[in-house]
Every structure is written in C-alpha cells, then in structure tokens.
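# Breakdown of the fold
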Amino acid sequence: MMADDLIDLFKTKISLLQNQALSGGIVAKNLHISDNGSGELTLYGDFTITLKVLDLTTGGAPNLNSLMTFTQQVITSKLRGGGYKSGVIYFEYNSSTKSFNFRKNHTYSIRYNFSCNARVVQINMLSQLKGNDFVLAVVDSIGYQFTDQYGKKHNSGGLAQRDGGPAVVSYNEWRKNKYIGVHEFFHTLGLGDIEDVSKKGRLMYHLGDNTSYNISDNERGDMMNFLMRNISDMTKGTYSYTNLNYNTLNLLSRFLKDTTNGFKYNKAKFR
Amino acid sequence: MVSNTIKLSLGSILFFLFVACINENKINIKAQKKNSLPDSCRYYAYDARQIISNLSCYNCHIRRGERLNNILSFDELATMDSSKLVNFVFIKRHNGNYSMKGAFKTNRMDTLSDCEIKNAIHYIKDYGRDIPMP
Ligand SMILES: [Zn+2]
C-alpha cells in the first residue's frame, strides 16, 4: 500500500515535470502541408493534447487513476485516423514559398493527417492551471438537469463549456459510465451533443442509453479543425495554442460558482 | 510567448490587408425572401452546427478572440444582432460568392432554406451565450 502510494506520487511528479515543458492544452510539432496541386491540401503534424484533472471531491476519488488512464486511451484512439473536409474556402497556398496568399482565395479539400497523443494528468494545486490549459474537474455531484428534444428530463453526469472551456464530471457518474470524461472533453474540443435516437451508438449521444461510443469521420474532422483552428499557423512548423486572455482557471471558477449548474464539491480544494 | 509575439506581428501586418476571406468576384444575389417559417422548423443544435461545419465558417472566422486576416472571429459574430447577421453575413458580406453562380459553388450559402438560415443564426447567437453542455 505504502509502496503503491509512493509510486503514484512519483508518477504524478514525473507527469508534472513533463508537463512543465508544455504550455497550453495543444502543442504541435513537425507541422507541414503537402499540396497535391489539384485542390487538395494534406496537413501533417504531431499533436500532444494535455488534459489536467482536478479532484474536487469531498471523500476523495480512489478510482481516479484508472478512470484517467481509460480516458487517455480513449481520447488517443478516437483521434486516430485523421479527418477530411471538402469545399473548404481558404486562402491560396503557395507550396514553393510555404505560405498563404491572403489576397487570394481558393477552395480546397483538406485532409488532416495529424498524429495525436493525449495526456491526462492529475494536478494537485490550482497554480498548476495556466492560461488556456484544458481542465476536467471531478466533483461530488451535479444538480443540473436538461430537457431533451423529445421533452424528457435528464440528470447530467458531466457538464462542459464547449470550444476550449472547462469540463466537469460527477465522480459517481463517471464510475458508472467511464466514457463521460471523454464525452465532456470532446465538448471542450468543440463537439456537440446528439439526441437523435437513431444514433445511440455515438459517443456524443447523451441520453444515457448508449449502445456504443463511436466518433464519426465528420466529428473527428471537426476536432482536427479545432486543434488547428488557424490553418495559417501550419506554416510555423511548431505551434502551441496559448491564449492568455482565455483563462481556464477563471472560467472554471465561474463555472463552478454558477448555481444553475448545481455542482457539489469540496470548496476547500478550490482556493 | 514567442508564438504570441509572432502572432501579434503577423496580426499587424495583416491588418493592412483589407481583403477578407472572400473573392474579388462581385455577383449580386437577390435578398433572401422572408417567408413565414413552417411550424416544422425546429432548432437542433447538432444539425445547426453541421451547417456551420459544412460551410467551413470556422476556417476564416476563428472561434474565439483571434482574428485571421482581420476577419471577425466567430465569437464576435455572436455579438451581432440576428437581423444584421442575416443581411451582413449571409447576403452582403460574402459578396454572393457562396451563391449558386458564385465563385464557391460547393458551399451554396443562399441555397440554405429559411429554416436552415434561422437555425444557423440561432447557433451563432448561442455561441456567445456559453450554454453548458451536459
Ligand atoms: Zn454532452
């Protein structure tokens, strides 16, 4: 027991050290574009996506490590396989100068050939949240209820603000459904909820009776588009999306305090 | 920090270029007819998002607080009022390039039904509201 605790402590320390080299939730290296000359651009890059987990539960979360490992594996595997968008109107790319001409438009098909590696790491102090880091806070329970398109009321196992915003999961619900953490994080990566009962096999279906947890090619394409939100940044080679004005800690603080969300958590841990 | 500095200087260079993510071709299209919407026009966020995604709006209107080539970011669009959005975004601003005769036939913006336009506007407006997602 003691040894296990120590190993866990070391693991956390090591991931924290690794994490210090990264800034922001998205770090991309080896970015380059290949132009097939007939309207198709293929975007290449190695992405590291870091999601910081903050345990705000009152009684502690003994299964947190295994839930985090699961979440990390699922995020990585769901982002595998790239994405494709046709009819994308953008600026003309010049492959010899490796730059975009901002005075001329061009319609492209864009193939995302990104290799994505997710890292789900636990943080123990709020000061470990910087800039627009991605965060998943674990709470005791969530009181927020929503009405689906059929008029039925549901409880929420998780709640997130899309497109870079904070995500929150209820520890008990997460234990019951291991995919909730990924579902909420994919809101952070820009995906919306599905309520169409013919799509129960999809990860973003959120009415509780899922038959499977698939991501469509379109959704993957949308997430790739989120990861590389400004395609012209592709020409920089490396890229770290740091938006200092978009402060995750402030957003999370406001999100947690918003009484309409009904979060129950250990407030002493959020100071 | 470095990338921020690059972004800033890139931003100021681009500021002098006034050409947005639009082509020089100017084709006038008729103003959208304001039919009364059928009762069946319901708002589904997922479908509305699909319209935005298919039109590739995000490539030029970068999602939050960051302008590409001085084009309004998506969250800036969300602050415009609905009627202005219909006229400005869907009709005038793109100079008809998204029309059937326009330069970008693949993204026929003016072939969207009134219901689809209404829902796309609804989606854009919601973007500024930060509605929590279960
Ligand atoms: Zn959801």
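Please read these numbers as outputs of a predicted model, since none were measured by experiment.

## Observations regarding the state of the cysteines
Residues and elements named next belong to chain B. Evaluated as defined, the whole model comprises one disulfide over all chains. Looking at the unpaired cysteine 57, the closest cysteine sulfur is the one in cysteine 60, lying at 8.9 Å. On the accessibility criterion, cysteine 57 (13% relative accessible area) is buried.

## Considering the confidence of the model for chain A
Looking at chain A, the pLDDT average stands at 90 and 90% of residues meet or exceed 70. Here residues 6-22 of chain A scores under 50 on pLDDT; set against residues more than four positions off or in separate chains, the count is 17 contacts.

## Section: the pattern of salt bridges
Here the structure, examined in full by the defined rule, presents 16 salt bridges over all chains. Of the charged contacts in the structure, one is a salt bridge between aspartate 196 of chain A and lysine 199 of chain A, with a shortest N-O distance of 3.8 Å. The class for aspartate 196 of chain A is partly exposed, based on a relative accessible area of 28%. Judged by its relative accessible area of 28%, lysine 199 of chain A is partly exposed. Ionic pairing is found between arginine 202 of chain A and glutamate 219 of chain A, a salt bridge with its closest N-O pair at 3.4 Å. Taken as a pair, arginine 202 of chain A in the loop between α4 (180-188) and α5 (217-227) and glutamate 219 of chain A in helix α5 lie far apart in primary sequence, 17 residues in all. Since its relative accessible area comes to 16%, arginine 202 of chain A is described here as buried. A cluster of three or more residues bridged by salt bridges with shared partners is formed by Lys85 and Asp222 of chain A together with Arg49 of chain B.

## Side note on the coordination of the zinc ion
Looking at the zinc ion, one finds its protein donor set to be His183 of chain A (NE2), His187 of chain A (NE2), Asp193 of chain A (OD) and Pro134 of chain B (O), positioned 1.8 to 2.0 Å from the metal centre. Relative accessible area serves as the criterion here: at 11%, aspartate 193 of chain A is assigned to the buried category. Of the residues examined, proline 134 of chain B reaches a relative accessible area of 12% and is grouped as buried.

## Here's the deal with the packing of helix α2 (residues 64-78) of chain A against α4 of chain A
Residues and elements named next belong to chain A. Interaxial distance between α2 and α4 falls to 9 Å at its minimum, and their mutual angle equals 50°. Classified by the interaxial angle, the pair formed by α2 and α4 is oblique. The handedness of the crossing between α2 and α4 is right-handed. The residues of α4 that touch α2, namely those facing Thr71, Val74, Ile75 and Lys78, are Gly181, Val182, Phe185 and Phe186.

Criteria and cut-off values
- Per chain, residues are indexed from 1 in the order of the written sequence.
- Each chain takes a letter, starting from A, and each ligand takes a number, starting from 1, following the order in which they are written.
- Per-residue local features of the predicted model are confined to residues with pLDDT of at least 70, and side-chain atom pairs are confined, for both listing and counting, to 80 or more; whole-chain, interface and lining totals are unaffected and use all residues.
- Think of the side-chain values as coming from all heavy atoms in the structure, minus any hydrogens and water.
- Cysteine sulfur atoms are paired as a disulfide whenever they come within 2.5 Å of each other.
- Here's how the labels work: a residue is buried when its accessible area is under 20% of the maximum for its type, exposed when over 50%, partly exposed in between, all with a 1.4 Å probe on protein chains only.
- What pLDDT reports is the predictor's confidence in each residue, on a scale of 0 through 100.
- Pairs of residues are marked as contacts when any of their non-hydrogen atoms sit within 4.5 Å.
- In what follows, salt bridge is the name for a side-chain nitrogen of Lys or Arg lying within 4 Å of a carboxyl oxygen of Asp or Glu.
- Strands here mean DSSP runs of E at least two residues long; helices mean DSSP runs of H or I at least four residues long; both are numbered from the N terminus.
- Only N, O and S atoms count as donors, using a 2.8 Å limit from the metal and a wider 3.2 Å limit for Na, K and Ca, and since water is excluded some coordination spheres may look unfilled.
- In this analysis an axis means a line fitted to C-alpha atoms, helices contributing only their contacting stretch, and an angle means the value between N-to-C directions, from 0 to 180 degrees.
- Should an angle fall under 35 degrees it is taken as roughly parallel, and over 145 as roughly antiparallel, whereas 65 to 115 is taken as roughly perpendicular and any remaining angle as oblique.
- The handedness criterion is simple: a crossing whose near helix is rotated anticlockwise from the far helix by less than a right angle is left-handed, and one whose near helix is rotated clockwise is right-handed.

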